[in-house]
Amino acid sequence: MKLDLTEACKWILRALIVATPAALFSLFFHIEILDPTRIGWLLDEDWGQHVLGWHAFRNVPWAWPFNYQDLLAHPTGISIIYTDSNPLFSFFFKVFKDILPDNFQFIGPWFGLCVVLQFFFAWKLVRPHAPNGWAALAGAIILCLLPAMYHRMRHDTLVAHFFILWTLWIFFNVRDEKHKNYWYAAALGTVGFIHPYLMFIMAAIWGGDVLRKFIPAAKALDRKAMLLIVRDCALIILAPIITLGLSGAYSGNSAGSAGYGYYSMGLDSPINPVHPDFSFFIKAHPQDMGQAFEGFQYMGLGILGLLLGALLLYQITFSARQARPFIESAKPLIIPYVVLLIVAVSHHIQFYDITLLRIPLPEKVLDILAVLRASGRFFWPIAYTLILIALVVVYKSRPRMMKIALPAIIIIQLIDLQGFIPAMRVQTELARSTVIYDQTPSPVWDDLITGAKGVNFYPPQVHLNDKLFYEVTWRSVSQQKPVNTMYAARGNIDQARIEAKGRETYLEGEIDDERLYVFLNQCLAPENLQPLMREVDGVWIIPPASKRHLDLPHPEWKPIRARMGFGFLNQGSCLLDKNWSAPEADGSWTLGERSQMVIPIQDVQFTNDVRPEKPSLRIWAKSFYKPRKVDVLINGKKVDTMNLQKIMTYQDIAIPASVFHRHTMTVAFIVHEPVSLKSLGASMDDDRPLGMKLFRMTIEDAAVREREAAKAAAKAAERANPPPLISAIPQNGDQLKIAVEGP
């Protein structure tokens, strides 16, 4: 009977080992994402970039370079790694492109594989150190419940935390040095097909193993040993260099990008849930947007309890201190992990959103570090190593303590994450629907694209309406028709210039009649193009010449508001001429000495529909690089000069009431001495002559301001000089004497 019970427990354990990855997957994801023909849930945010990169790569013929497609960001194109489209899977599935369904995605199955391999390598990592299979199962589950893994869900290739566990398994569990080298080459070579950030993380762990061998050899002045180590390192590092090249990392796209220090990790990150719903027990504190996103490192109360409990057990119990040899084996990781932590925290050191220190770094250093701009990610291997060490300490403690602690840690972790888990799961909820096109359901789109040689989006800024862009682009790429823009992980300077030139040409009223123009925001076209504009599913378009016979409604221009912004989501950006930079999130820069806008003044919507008695412009702007003067012209006549500072300020500019006698009002800005980043030595390529950044502008009534100012002044004077108080003082019982009390 006892043997039967033992055998039954073994089978139960085996069943749980098989079932646990499936349970973890269904806990954080909707299982419908495993259906490779469900596309609609992916046409949004970062997933749209990734799945479109694959879809475009699939729909171009094999050619050299074979990691490249030119249907997106035409004509320059983008290599597959810079759309974060999982080159390993993209290469594999492209081989079978002719037999795959027309609408096919592998991101959902990839998520499933990531969870399975996370559990597999977690089990492989802890099993040699666990006293039994049940303890190993609990440890593997704990290693699969680190929130940071699932928080990166929108960046599917970064969910592959199993690569980190794989490398830790090589470091701690593989004993034979030759086998270690083979495994490191295999792991680093494979991750070169997935994501460079994971490669940097794994290289740090591998670097610890190299130091473990190299430092003793250097101390002993053993030149032969040192040369062998250097030779092995060169051969191992060759593997990811080759696979990165095969993935297109050296395709000419700029490897750098701004943002180092913004996407860093706060010192409070491991204990700060950031979002109120992400922890049941610990109060969240908001962080900077960059830190809350890339720097999210909350570990969960269960894991935090594991770390603190292991530290306490190690200090007070002899049995737990039997983990000392394992802890000693981790010492070679100290130097690489210190470097990773410094990079993760960056030069902008924060604690609970309080800046403790901001270390000034030269621009050239920041340009180099920009390659690692999402630096908060580099804490991941440190977190996993701390969890592993804590698990080994618990494994070495008394069996009764271990049997209580491990299930308790899992239960507390799940309770603490009861808000985090559904928040992650809801992100894949759209996969329950088979609908692909949510914003663009009309079949007219396919007809329009069929009659065009390609699609031009205007403005060429994907994030103006990324879902609209992704849906139309999916249709276009399905017909192997190119589009003029694309959001890439790293920008391409040549493509940016082509898009800027296209914008300039469009603003001059010139278009390619063989292309479909789709407006990502509702900006009225240049006057000569307005008769060509049509509307489909509420989206403004200019059909290709071959489809202009279609019976489509004309769009209606909405009245422009008196308060207008000039960021890429603002209506004011529609009014700018070609001498402005592409709008940024908060505003637009002037280019050259003269930049202007044309405001349809008769269409401006004022408060209560009352035109200003004494019209004026309140302009929020700042100067580039140094304070400078900017002349303001209204309909060709100078009305004032602004003295701009390097920080945003506002200035009031009086304008003549005669502006309302014309249909439009032209506002021109004459910038004194514009300067480029290239001329300042701050960039090798950016030669745009910048002068003023315009944030927003309001057409106001100076008369209203003057009356409000007069009222405020009167109230202030009244407070400073209160009127005399009159009091009645009774005398002789029945007579009143009026006394005037002065101040």
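Computed from a prediction, not measured in an experiment: that's the story for all the values here. (Residues numbered from 1 in each chain as written. Predicted model: local features only at pLDDT ≥ 70, side-chain atom pairs only at ≥ 80, totals over all residues. Heavy atoms only, no water.)

Notes on helix α5 (residues 133-143)
And step 1. Across the 11 residues that make up α5, a large majority, 10, are buried.
And step 2. Of all the residues in α5, the buried ones are Gly 133, Ala 135, Ala 136, Leu 137, Ala 138, Gly 139, Ala 140, Ile 141, Ile 142 and Leu 143.
And step 3. Capping the start of α5 is the job of one residue whose side-chain oxygen sits 3.1 Å from the backbone nitrogen of Trp 134: Asn 132. (Buried < 20%, exposed > 50% of the residue type's maximum accessible area, 1.4 Å probe, protein only. Helix = DSSP H or I, 4+ residues; strand = E, 2+ residues; numbered from the N terminus. Polar contact = N/O pair within 3.5 Å; in protein donor to acceptor, adjacent residues only side chain to side chain.)

Some words on the side chain of Glu 499
And step 1. With respect to the helices and strands, the residue Glu 499 is situated in helix α21 (residues 493-507).
And step 2. Within the buried core, Glu 499 has no salt-bridge partner, and the shortest N-O distance to an opposite charge, that of Arg 503, equals 9.7 Å.
And step 3. Sequence-distant contacts of Glu 499, defined by excluding residues within four places in its chain, comprise Pro 460, Asn 484, Thr 485 and Met 486. (Lys, Arg positive; Asp, Glu negative; His and termini not counted. Salt bridge = Lys/Arg side-chain N within 4 Å of Asp/Glu carboxyl O. Contact = heavy atoms within 4.5 Å.)

Thoughts on the packing of helix α7 (residues 162-173) against helix α8 (residues 177-191)
And step 1. In contact at an axis separation of 10 Å, α7 and α8 are set at 170 degrees when each is read in the N-to-C sense. On the basis of the axis angle, α7 is roughly antiparallel to α8. Taking contact as the criterion, the partners of Phe 163, Trp 166, Thr 167, Trp 169, Ile 170 and Phe 171 in α7 are, on α8, Lys 180, Trp 183, Tyr 184, Ala 186, Ala 187, Thr 190 and Val 191.
And step 2. Its residues assigned to classes, the contact of α7 with α8 comprises 10 nonpolar, two polar and one charged. (Axes fitted to C-alpha atoms, helices over the stretch in contact; angles between N-to-C directions. Parallel < 35°, antiparallel > 145°, perpendicular 65-115°, else oblique. Nonpolar A, V, L, I, M, F, W, Y, C, P; charged D, E, K, R; others polar.)

Looking at the sheet that holds strand β15 (residues 628-634)
And step 1. Reading across the sheet, the four strands line up as β12-β18-β15-β16 and stay open at both edges, with antiparallel pairing between neighbours. At either margin of the open sheet sits one strand with a lone partner, and together these are β12 (594-599) and β16 (637-644). Looking at each pair of strands side by side, their axes are set apart by 20 degrees on average, direction ignored.
And step 2. Bridging between β15 and β16 involves seven bridges; their strand directions are antiparallel. Bridge pairing in β16 places Ile 634 opposite Lys 637. (Pairing = 2+ DSSP bridges.)

A few points about the environment of Asp 438
And step 1. Mapped onto the secondary structure, Asp 438 falls in the loop between α18 (420-425) and α19 (444-450).
And step 2. The exposed category is assigned to Asp 438, whose relative accessible area is 54%.
And step 3. With 99 residues separating them along the chain, Asp 438 and Asp 537 place their C-alpha atoms 10.0 Å apart.
And step 4. Once residues within four sequence positions are removed from consideration, Asp 438 is found in contact with Lys 467 and Glu 471.

Things to note about the confidence of the model for the chain
Fine structural detail should not be taken from predicted coordinates in areas where pLDDT scores are low.
And step 1. When the pLDDT values of the chain are averaged, the result is 89; 95% of them are 70 or greater.
And step 2. Taking the mean pLDDT of every element in the chain, the minimum, 41, falls on strand β21 (residues 735-741) and the maximum, 98, on α7.
And step 3. For residues 733-743, every residue scores under 50 in pLDDT, and the model assigns this stretch 18 contacts once sequence neighbours within four places are set aside. (pLDDT = per-residue confidence, 0-100.)

Things to note about the environment of Met 149
And step 1. Looking at the secondary structure, you find Met 149 in helix α6 (residues 147-151).
And step 2. Once the C-alpha coordinates of Met 149 and Pro 543 are considered, the two residues, 394 residues apart in sequence, prove to be 44 Å apart.
And step 3. Setting aside anything within four residues of it in sequence, one finds Met 149 in contact with Cys 114, Val 115, Gln 118, Val 159, His 161 and Tyr 384.

Overview of the packing of aromatic side chains
And step 1. Within the structure shown, the criterion is met by 47 aromatic pairs.
And step 2. When the centroid spacing of 4.8 Å and the interplanar angle of 85 degrees are considered together, the rings of Phe 351 and Tyr 352 count as edge-to-face.
And step 3. Looking at Phe 351, the relative accessible area reads 34%, which means it is partly exposed.
And step 4. One residue, Arg 14, lies across the ring of Trp 11, its end atom 4.8 Å from the ring centre.
And step 5. Directly above the aromatic system of Trp 620 lies the positively charged group of Arg 563, at a separation of 5.6 Å from the ring centroid. (Phe/Tyr/Trp six-rings, centres within 6.5 Å; stacked < 30°, edge-to-face > 60°. Lys NZ or Arg CZ within 6 Å of the ring centre and 35° of its normal.)

A short note on the pattern of salt bridges
And step 1. Under the definition given, this model contains 28 salt bridges.
And step 2. A salt bridge links Arg 154 to Glu 45, with the shortest nitrogen-to-oxygen separation between them at 3.7 Å. With Arg 154 in the loop between α6 and α7 and Glu 45 in helix α2 (residues 45-58), this residue pair connects regions lying 109 residues apart in the sequence.
And step 3. Each of Glu 177, Lys 180, Asp 209, Arg 212 and Lys 213 takes part in a single network of salt bridges with overlapping partners.

Remarks on the sheet that holds strand β8 (residues 539-542)
And step 1. Pairing is mixed across the open sheet formed by four strands, whose spatial order is β5-β6-β8-β7. The sheet is open, and its two edges are formed by β5 (454-458) and β7 (534-536), each paired on a single side. Between one strand and the next, the sheet's axes are offset by a mean angle of 35 degrees, whatever the strand orientation.
And step 2. Taken together, the two bridges between strand β6 (residues 515-519) and β8 define a ladder with antiparallel strand orientation. Bridging across to β8, Val 518 finds its partner in Ile 541.
And step 3. Where helix α20 (residues 466-478) meets the sheet, it contacts β5, β6 and β8, and its direction lies at approximately 170 degrees from that of β5.

A closer look at helix α12 (residues 301-316)
And step 1. Its 16 residues give α12 an end-to-end C-alpha distance of 22 Å, which sits within 8% of 22 Å, the value for a rise of 1.5 Å per residue.
And step 2. Among all positions in α12, only Gly 302, Ile 303, Leu 304, Leu 306, Ala 310, Leu 313 and Tyr 314 are buried.
And step 3. Of the surrounding secondary structure, the elements contacted by the buried residues of α12 are α5, α13 (324-329), α16 (380-396) and α17 (399-416). (Expected span 1.5 Å × (residues − 1).)

Observations concerning the state of the cysteines
Disulfide: a covalent bond connecting the sulfur atoms of a pair of cysteines.
And step 1. Under the definition given, this model contains zero disulfides.
And step 2. In this model Cys 144 remains outside any disulfide bridge; the closest cysteine sulfur is found in Cys 114, 11 Å from its own.
And step 3. Look at Cys 144 and you get buried, because its relative accessible area is 1%. (Disulfide = S-S within 2.5 Å.)

Thoughts on unusual backbone geometry
Backbone geometry follows two general trends: most residues other than glycine have a negative phi, and most peptide bonds adopt the trans configuration.
And step 1. Here the bond from Trp 64 into Pro 65 is cis, since omega is -5 degrees, no more than 30 degrees from zero.
And step 2. Within the fold, Pro 65 resides in the loop between α2 and β1 (68-69).
And step 3. For the bond from Tyr 458 to Pro 459, the omega torsion is -10 degrees, close enough to zero to count as cis.
And step 4. Note that Pro 459 resides in the loop between β5 and α20.
And step 5. Not every positive phi belongs to a glycine, and Asn 86 is a case in point at roughly 55 degrees.
And step 6. Given the relative accessible area of 0%, Asn 86 is considered buried.
And step 7. Backbone geometry places Asp 537, a non-glycine residue, at a positive phi of 55 degrees.

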